[in-house]
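As a plain string of letters, each chain reads:
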Amino acid sequence: MDIEVLMRASSDAELVCELYKQFDENSRLNRSPAAKVEFITTTRYIGKYLKPGNKLLDIGAGAGEYSLHYANEGYSVTAVELADANIKAFEAKIEPKHDLRLIQGNALDLSMLDDESFDVVLVFGPLYHLSNKADRAKCICEAKRVCKPDGTILFAFISHDFIFVTELANHGSYFMTGDYDHDTMRLHDFPFVFATVPECRDMLTSQGIRILHEVAADGVSELMADKINAMDAESYSQYLRYHAKCCEKPELLGMTNHLLFVGKKQ
């Protein structure tokens, strides 16, 4: 990753576009069994609330992994994505059979979408790309505005505390050379914005979200990727059962690269 290029970005929006020129979002969720754990877990929670005939909005849709999954299942999907590279990858996978509208736009301004028009809203990227607290609040409020009164909103975050461990697995000298405040043990929010579990909780409840589930979306899957990827089908299935059993346990919640919060409008 060319950090110098990213540091020249003059806004969060420009940073996102530059980041995804370098970062392959198109394969992130499907490149290996370990990588698929986040997608499998997240769709399991979406499936608790998405019903036949529902309309789904995917804000920060990336290369379309979730949007296309549900479009393939026959749902009406609207996707909003900012980065040019992701839009290009997404467009290449849309088929005539899909009831799917792809909009290049910003999560801070969904004015092209009507109030209370979606049953399920996904916010799976914007909150870890918005460096300003007021912008994160605005993003949550926009997601609330377009969600139906009885709808469900799902939010993704990058878990602050576990990043230290996954970085250590890749860089043995991380605790001496890593990009964090060595006194406060706080990561620098670049190129992503990181949040602890209590910070995620406060971010949502302060904007009128009633939390239903707090989930360690991928758990230790990145940390243990080599072993997970070497599993046979039966072992992998059993690992997924273990992960599903543990992913909402409070004592394990922060042990994940990605957090998933499921909520309703208050």
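Above: the structure in question.
Criteria and thresholds
- For every chain, the first residue of its written sequence is number 1, and the numbers climb from 1 along that sequence.
- Residues qualify for local features only when their pLDDT is at least 70, as the model is predicted, and side-chain atom pairs are given and counted only at 80 or more; totals for whole chains, interfaces and linings, by contrast, use all residues.
- Hydrogen atoms and water are omitted, and side-chain values are computed over all heavy atoms in the structure.
- The helix count covers DSSP runs of H or I at least four residues long, the strand count covers runs of E at least two residues long, and both are numbered beginning at the N terminus.
- By this rule, a helix spans an expected 1.5 Å times one less than how many residues it contains.
- Exposed residues in this analysis have more than 50% of their type's maximum accessible area, buried residues have under 20%, and partly exposed residues fall in between, with area computed by a 1.4 Å probe over protein chains only.
- Here a residue-residue contact requires only that any non-hydrogen atoms of the pair lie within 4.5 Å.
- N or O atoms closer than or at 3.5 Å make up a polar contact, with two conditions inside protein: a donor-capable atom paired with an acceptor-capable one, and, for residues adjacent in sequence, both atoms drawn from side chains.
- We define a salt bridge as a side-chain nitrogen of Lys or Arg found within 4 Å of a carboxyl oxygen belonging to Asp or Glu.
- Both cavities and pockets are sets of points on a 1 Å grid over the protein atoms alone; in a cavity a 1.4 Å probe fits but cannot get out, in a pocket the set is open with protein on both sides within 12 Å along at least five of seven lines, and lining residues sit with an atom within 4 Å of a point.
- Grid points are joined across faces, edges and corners, and a volume is the space filled by probe spheres set on the points.
- The nonpolar class holds Ala, Val, Leu, Ile, Met, Phe, Trp, Tyr, Cys and Pro. Asp, Glu, Lys and Arg form the charged class, and all remaining residues, Gly among them, are polar.
- Should DSSP find at least two bridges between two strands, the strands are taken to pair.
- A right-handed crossover is one whose linking path, passing over the helix from the first strand to the second, runs clockwise when the strands point away from the viewer.
- Note on geometry: axes are C-alpha line fits, over the in-contact stretch for helices, and angles between N-to-C directions span 0 to 180 degrees.
- Here is the rule for angles: anything less than 35 degrees is roughly parallel, anything more than 145 is roughly antiparallel, 65 through 115 is roughly perpendicular, and the remaining ranges are oblique.
- Left-handed describes a crossing whose near helix is turned anticlockwise from the far helix by less than a right angle; the clockwise case is right-handed.
- The set of buried Ala, Val, Leu, Ile, Met, Phe, Trp, Tyr and Cys residues whose side-chain atoms join them within 4.5 Å is what this entry labels a nonpolar core.

**Observations regarding helix α7 (residues 133-146)**
Because the α-helix completes a turn every 3.6 residues, residues three or four places apart line up on one side. Between its terminal C-alpha atoms α7 stretches 21 Å, which fits the 20 Å expected from 14 residues at 1.5 Å a residue. If you check which residues of α7 are buried, you get R136, A137, C139, I140, E142, A143, K144 and V146. Those residues of α7 that are buried are in contact with β1 (55-59), β4 (118-123), β5 (147-159), α10 (197-205), β9 (209-216) and β10 (258-265). For α7, the side-chain oxygen to backbone nitrogen distance between the N-cap and A134 is 2.8 Å, and the N-cap itself is N132.

**Quick notes on the pattern of salt bridges**
Under the definition given, this model contains nine salt bridges. Here R145 ties to D115 by a salt bridge, and the two come within 2.6 Å at their closest N and O atoms. Pair noted here: R145 is in helix α7 and D115 is in the loop between β3 (100-104) and β4, with a separation of 30 residues, a long-range link. Given the relative accessible area of 24%, R145 is considered partly exposed. For R145, the salt bridge goes to E142, with nearest N and O atoms at 2.8 Å. Residue R145 and its partner E142 are located together in helix α7, separated by three residues, close to a single helical turn.

**So, unusual backbone geometry**
A cis amide bond links F190 to the next residue, P191, at an omega of 0°. Here P191 shows up in the loop between β7 (186-187) and β8 (194-195). Of note in the backbone geometry, E116 takes a positive phi value of approximately 50° without being a glycine. Relative to the helices and strands, E116 is located in the loop between β3 and β4. Despite not being glycine, M185 shows a phi value in the positive range, around 60°. Tracing the sequence through the fold places M185 in the loop between β6 (180-181) and β7. You can call M185 partly exposed: its relative accessible area is 36%.

**Section: the layout of surface pockets**
To find leftover empty space, a probe the size of one water molecule is rolled over the atoms. Taken as a whole, the largest pocket encloses approximately 1100 Å³ of empty space. Those elements that place two or more of their residues in the lining of the largest pocket are α3 (25-28), α4 (33-46), α8 (160-170) and α9 (174-177). Ranked by residues supplied to the lining of the largest pocket, first place goes to α8 with four residues. Classifying every residue of the lining of the largest pocket by side-chain character gives 17 nonpolar, 10 polar and eight charged. Counted as a void, the second largest pocket has a volume near 490 Å³. Put simply, the parts of the chain that give the lining of the second largest pocket at least two residues each are α2 (12-22), α3, α4, β1, α5 (65-72), β2 (76-81) and β10. A per-class count over the lining of the second largest pocket returns 20 nonpolar, 10 polar and seven charged.

**Re the pairing of β5**
Of all 13 residues that make up β5, 10 are buried, and the element is covered over most of its length. In the sheet, β4 pairs with β5 via five bridges, with the strands oriented parallel. Bridging across to β5, V121 finds its partner in I153. For the crossover from β4 across α7 to β5, the handedness is right-handed. Where β5 and β10 come together, six bridges link them in antiparallel fashion. The partner of A156 across the bridge, within β10, is L260. Note that β5 and β8 share two bridges and pair parallel. Each bridged residue has a counterpart across the sheet, and for I158 the counterpart in β8 is F194.

**Remarks on the packing of α4 against α5**
The contact between α4 and α5 brings their axes to 12 Å, and the two run at 55°. Compared by their axis directions, α4 and α5 come out oblique. In the packing of α4 onto α5, the handedness of the crossing is right-handed. Residue-level contacts link E38, F39, T42, T43 and I46 of α4 to E65, Y66, H69 and Y70 of α5. Tallied by class, residues from the contact of α4 with α5 come to four nonpolar, three polar and two charged.

**So, the nonpolar core**
Counting residues in each nonpolar core, the largest one holds 42 residues, and the members touching the most others are I46, L122, F124, L154 and L260. Elements with a contribution of two residues or more to this core: α2, α4, α5, β2, β4, β5, α8 and β10. Core analysis: the second largest hydrophobic core is formed by 31 residues, L110, F118, F155 and A195 among them.

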